[in-house]
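Chain by chain, the residues run as shown.
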Number of protein chains: 2
Amino acid sequence: MNKAATNKEVRINNQKNIVNTLFRYGPMTKQELASRLGLSLPTVSVINKSLAAKGLVAKGEKLESTGGRPPSHITLVFDARLSVGVDISTHHVRIVLVNLGPTIVSSQKHFLSYDGTTEYWRSVRKLIDSFLADNQVDETKLLGIGFSVQAPIRSGQPVSASFQPVSLSSIDQNVMSKIFGSPVEVHNDAKMASLAQVWGAGEEDDVVYLMLSNGVGGAIIADHKLLRGTSKNAEFGHMIVQDGGRLCNCGQHGCLGAYCSSRALQEHSGASLDEFFAGLDAGNDQYRELWDEYLHMLAIAVSNLYLIFDTDIIIGGEM
Amino acid sequence: MNKAATNKEVRINNQKNIVNTLFRYGPMTKQELASRLGLSLPTVSVINKSLAAKGLVAKGEKLESTGGRPPSHITLVFDARLSVGVDISTHHVRIVLVNLGPTIVSSQKHFLSYDGTTEYWRSVRKLIDSFLADNQVDETKLLGIGFSVQAPIRSGQPVSASFQPVSLSSIDQNVMSKIFGSPVEVHNDAKMASLAQVWGAGEEDDVVYLMLSNGVGGAIIADHKLLRGTSKNAEFGHMIVQDGGRLCNCGQHGCLGAYCSSRALQEHSGASLDEFFAGLDAGNDQYRELWDEYLHMLAIAVSNLYLIFDTDIIIGGEM
């Protein structure tokens, strides 16, 4: 092993840890950072200087002296770096610009039907370019582009997903790298929504996120991180909640997604979502039955997830 | 903040990390430890010396030189410390002596009916004392006593568990501390069985452990650790696998434990387990139906757990 390489790794690792700690716990003194990370004070000072030179950290609030020179907080400079987030859905592309806060600085939504062709991804690239130009983004501040899609993803790579709305088997990572340049990340939409919830909204460290939309998705956050990265877990939509129940498009019977999805509501009522909820309010018995069933299956799923994880369960998504 | 205290914390933290890393990944060189833990080589050398002075680590295999002095592996000395593990069940007390391997050095099983009285715990203490004397254990090597019980435990503290075979509401931590001295740890039996499986048998880092015994228990291991310590999660026995199904002793209908437990098999067949399996082999139709139901519900549970975690699922326990 090469010693120089090792020391460089150590330094990069320490830099990452300090940035992550400030992100997660907010401003703190060098002494607090040293204690939390098991580093010596001189090590923290050196890393702090190099992070400050990159504009990533700055001196924050001055604290009261406990004897010597009054310490001050080190804070993360949120606007020092920006990232682009792109949500790919069947008919829309949503683009957001996020700082290190993470706060959404700007966002746009475009109508664009997904078809998985190279041409489609070129159009997405154009939308992003004009979005960045509109926002006068300094490209040297840009960290990369993250895509979220409605499909299971393992370690950033799409996996077979024939029963998913967006068929990612047709996403060619080489094509994407060529069109967007690196670094590009592709992740599951429910996993990303859950991280946004937990990191952005200051939720608990341990949370189960159940996404109820057109389909059902989910994520498990343990100790502020996605359980095992962005792997193909939390496939809550295909948990069986009704043994021998409704046929799901995955081929099983009685999956949660066959009941608790706007797709299922529309399919079984033969109505649009707006019509469905209007009819429900107007006392339509068939709709009432479907809705009661939706809520009943949801209750089973939430109860089971609670027994498994013993954490808060966040229900998100859009109807 | 006191600087001296901080430095001591850093040192203790580094010692712990080195011991844990050697435990988890096996013998490695100082250079490898430094790289993995993000520490400098001099720091690792200092800590290594102090651990060696305590008899916790030793020089292992000498490796080939890559230019300079040939490096050698640092290994954990398994027998440097011992712990006592005690499994409390309704009618038995099992006592084991474990080294840092972790390997069971010696074990004993005693008939003793649990009743939760101070007298009961005094008897357990006597059994442990004579077990330690039989094994001529040097008490300075003893780290502590760990108890495993059939009940949900949160952070080492028993929680209300009225539907569990061992009613832990009657365990008084103050009484236990007085009888056994500190440190004493009390944890859930399924959680401990799963850790033994993963740490001892070298299983994967991510695993779901489903314990099928008299009742149903379980544990979730993520990144080689119990998910959120020893908290009240993985209550797989009360997941609903049959909506509106059999009444469980928890008050719900259709819990996994109402089907997949030897208690349920005995209750519904009216036979002992030996009689049940003998009858099953002999072609008893009612037993066949019960057993098919057991396997069917188990299949639903395993399928759901697999969708949630996407990891190996270990089924353990004893009938």
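What counts and how
- Residues numbered from 1 in each chain as written.
- Chains lettered and ligands numbered in written order.
- Predicted model: local features only at pLDDT ≥ 70, side-chain atom pairs only at ≥ 80, totals over all residues.
- Heavy atoms only, no water.
- Pairing = 2+ DSSP bridges.
- Helix = DSSP H or I, 4+ residues; strand = E, 2+ residues; numbered from the N terminus.
- Axes fitted to C-alpha atoms, helices over the stretch in contact; angles between N-to-C directions.
- Contact = heavy atoms within 4.5 Å.
- Least-squares fit on C-alpha atoms with pLDDT ≥ 70 in both.
- Salt bridge = Lys/Arg side-chain N within 4 Å of Asp/Glu carboxyl O.
- Buried area = accessible area lost by both parts, 1.4 Å probe.
- Polar contact = N/O pair within 3.5 Å; in protein donor to acceptor, adjacent residues only side chain to side chain.
- Nonpolar A, V, L, I, M, F, W, Y, C, P; charged D, E, K, R; others polar.
- Patch = residues over 30% accessible without salt bridge, like charges linked within 9 Å, V, L, I, M, F, W, Y side chains within 5 Å.
- Areas by Shrake-Rupley, 256 points an atom, 1.4 Å probe, with all protein chains shown as cover.
- Lys, Arg positive; Asp, Glu negative; His and termini not counted.
- Charge placed at Lys NZ, Arg CZ, Asp CG, Glu CD.
- Phe/Tyr/Trp six-rings, centres within 6.5 Å; stacked < 30°, edge-to-face > 60°.
- Buried < 20%, exposed > 50% of the residue type's maximum accessible area, 1.4 Å probe, protein only.
- Lys NZ or Arg CZ within 6 Å of the ring centre and 35° of its normal.

Colleague: For this particular structure, what's the right way to read the sheet that holds strand S5 (residues 104-111) of chain B?
Modeller: Through backbone hydrogen bonds, the strands of a sheet pair up, either in parallel or in antiparallel fashion. Residue and element names in this part refer to chain B. Spatial strand order, S5-S4-S3-S6-S9: five strands in an open sheet with mixed pairing. Two strands in the sheet have a free side with no partner beyond their single neighbour: S5 and strand S9 (184-188). When strand polarity is set aside, the average angle formed by the axes of neighbouring strands in this sheet is 20 degrees. In the sheet, strand S4 (residues 92-99) pairs with S5 via seven bridges, with the strands oriented antiparallel. Bridge assignment links Arg94 to a residue of S5, and that residue is Lys109. Its contacts with the sheet place helix H4 (residues 118-134) against strand S3 (82-88), S4, S5 and strand S6 (142-149), and it is angled at close to 40 degrees to S4. Sheet strands touched by helix H6 (residues 189-200): S3, S6 and S9. Its angle to S9, the strand with the most contacts, is close to 95 degrees.

Colleague: Sorry if this is basic, but what is going on with the relation of the copies chain B and chain A here?
Modeller: Between the two copies of this chain, the relationship is a rotation about some axis together with a displacement along it. With an axial shift of 0.0 Å and an RMSD of 0.1 Å, the rotation relating chain B to chain A amounts to 180 degrees. As the rotation angle and translation indicate, the two copies are arranged about a two-fold axis. Most of the interface of chain B is mirrored in chain A, where 100% of its interface residues are also at the interface.

Colleague: Just to check I follow, could you spell out the pattern of salt bridges for this structure?
Modeller: Where side chains of opposite charge bring their charged atoms close, a pairing between them can arise. Counted under the stated rule, the structure contains 13 salt bridges over all chains. Between Asp129 of chain A and Arg125 of chain A there is a salt bridge, with the nearest N and O atoms lying 3.0 Å from each other. A residue pair is termed a helical-turn pair when its members lie 3 or 4 positions apart in one helix, as Asp129 of chain A and Arg125 of chain A do in helix H4 (residues 118-134) at four residues. One salt bridge in this structure joins Glu293 of chain B and Arg246 of chain B, with 2.7 Å as the shortest N-O distance. Residue Glu293 of chain B is found in helix H9 (residues 285-309), and its partner Arg246 of chain B is found in the loop between strand S12 (225-226) and helix H7 (262-269); the two are separated by 47 residues along the sequence.

Colleague: Could you clarify how one ought to interpret the interface of chain B and chain A in this entry?
Modeller: Where interface size is given, it is often the accessible area lost as the parts come together that is meant. Facing 42 residues of chain B, the contacting portion of chain A comprises 43 residues. Summing both sides of the interface, chain B and chain A together bury roughly 3400 Å²; the carbon and sulfur share of this comes to 56%. In this structure, the connection of chain B to chain A is made through zero salt bridges. Seen at the junction of chain B and chain A, the total is twelve residue pairs in polar contact (both at pLDDT 80 or more). Put simply, the parts of the chain that give the side of chain B that touches chain A at least two residues each are helix H1 (3-25), helix H2 (30-37), strand S11 (216-222) and H9 of chain B. The element that contributes the greatest number of residues to the side of chain B that touches chain A is H9 of chain B, accounting for nine residues. Here the residues of the side of chain B that touches chain A are counted per class, giving 18 nonpolar, 14 polar and ten charged.

Colleague: Sorry, what's going on with a positive patch on the surface here?
Modeller: Side chains of Lys30, Lys49, Lys59, Lys62 and Arg69 of chain A sit close together on the surface and give a patch of like positive charge. Take Lys49 of chain A: it is sitting in helix H3 (residues 41-53).

Colleague: How should I be thinking about the packing of aromatic side chains in this particular structure?
Modeller: For any pair of aromatic rings, the description rests on two quantities: the centre-to-centre distance and the angle between the ring planes. One pass over the structure, following the stated rule, counts 23 aromatic pairs over all chains. Taking the centre distance of 6.3 Å and the plane angle of 75 degrees together, the rings of Tyr114 of chain B and Trp121 of chain B count as edge-to-face. For Tyr114 of chain B, a relative accessible area of 14% gives the class buried. An aromatic cluster is present here, built from Tyr114, Tyr120, Trp121, Phe147 and Phe180 of chain A joined pairwise through their rings. Sitting over the face of the ring of Tyr25 of chain A, Arg36 of chain A holds its NZ or CZ atom 3.9 Å from the ring centroid.

Colleague: Would you mind showing me how to read the side chain of Asn48 of chain A here?
Modeller: Residue and element names in this part refer to chain A. By the secondary structure assignment, Asn48 is in helix H3. The buried category is assigned to Asn48, whose relative accessible area is 15%. Setting aside residues up to four positions removed in sequence, Asn48 forms contacts with Lys30, Val57 and Ile74.

Colleague: Can you help me understand unusual backbone geometry in this one?
Modeller: A cis amide bond, omega -5 degrees, links Gly101 of chain A with the succeeding residue Pro102 of chain A. In this structure, Pro102 of chain A sits in the loop between strand S4 (92-99) and strand S5 (104-111). A positive phi angle is found at Gln136 of chain B, which is not glycine, with a value near 50 degrees. Mapped onto the elements of the fold, Gln136 of chain B is located in the loop between H4 and S6.

Just geometry here; none of it tells us what the structure is for.
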